Amino acid sequence: MEEAGIGWIAAIIIGGIAGWLAERFMKSDMGVLMNVLLGIVGAAVANLLLGLIGVSLGGWIGYLIAGFIGACILIALARAIRR
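Residues numbered from 1 in each chain as written. Predicted model: local features only at pLDDT ≥ 70, side-chain atom pairs only at ≥ 80, totals over all residues. Heavy atoms only, no water.

Turning our eyes to something else, we now look at the overall build of the chain. Scanning the chain from N- to C-terminus turns up 3 helices and 0 strands. Taken from N to C terminus, the helices and strands of the chain fall in the order α-α-α. The C-alpha radius of gyration computed for the chain amounts to 12 Å, which stays within 12% of the reference 12 Å derived for 83 residues, consistent with globular compactness. Dimensions of the chain, computed from C-alpha atoms along their principal axes, come out at roughly 35 × 30 × 15 Å. Each of the 83 residues in the chain was classed as buried or not, and the buried ones make up 34%. (Helix = DSSP H or I, 4+ residues; strand = E, 2+ residues; numbered from the N terminus. Rg over C-alpha atoms; globule rule 2.2 N^0.38 Å. Buried < 20%, exposed > 50% of the residue type's maximum accessible area, 1.4 Å probe, protein only.)

Going through the model one piece at a time under the given rule, you end up with 1 aromatic pair. Between F25 and F68, the aromatic rings sit 5.5 Å apart at their centres with planes inclined by 65°, giving edge-to-face as the arrangement. Here F68 lies in helix α3 (residues 59-82) and F25 lies in helix α1 (residues 8-25), a separation of 43 residues in the sequence. Exposure remark for F68: the relative accessible area of 26% places this residue in the partly exposed category. (Phe/Tyr/Trp six-rings, centres within 6.5 Å; stacked < 30°, edge-to-face > 60°.)

The next point concerns the environment of A71. Structurally, A71 can be placed in helix α3. Given the relative accessible area of 0%, A71 is considered buried. In sequence terms A71 and L37 are 34 residues apart; their C-alpha atoms lie 8.8 Å from each other. The contact partners of A71, leaving out residues within four places of it in the chain, are G19, A22, L38, G39 and G42. (Contact = heavy atoms within 4.5 Å.)

Following the sequence through the fold, L37 ends up in helix α2 (residues 32-52). For the pair L37 and G70, spaced 33 residues apart in sequence, the C-alpha separation works out to 11 Å.

On the surface, a nonpolar cluster with roughly 490 Å² of combined accessible area is contributed by I9, I13, I17, W20 and L21. One can find I13 in helix α1. (Patch = residues over 30% accessible without salt bridge, like charges linked within 9 Å, V, L, I, M, F, W, Y side chains within 5 Å. Areas by Shrake-Rupley, 256 points an atom, 1.4 Å probe, with all protein chains shown as cover. Salt bridge = Lys/Arg side-chain N within 4 Å of Asp/Glu carboxyl O.)

To continue, consider unusual backbone geometry. Residue K27 is not a glycine yet carries a positive backbone phi of 50°. Within the secondary structure layout, K27 lies in the loop between α1 and α2. A residue is classified by how much of its surface remains accessible, and K27, at 72% relative accessible area, is exposed.

What follows is the structure, given as structure tokens:
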């Protein structure tokens, strides 16, 4: 987050938006707190995975995109584990 120039409050807001978008895209019903957590943790996961293939997303939009991708991955993993 710090290298992207995003503070904690902005990370919570952007994480919530990313989690909400992923929730709608994946047709899931998680709640506000889980959306924020999915967006923030998803951004960390996606940045790690994208970094392995040499892709770097920066700034607010990059954090939103990474959060969305990561949250979708986490929702899919949760669904796979529950089955």
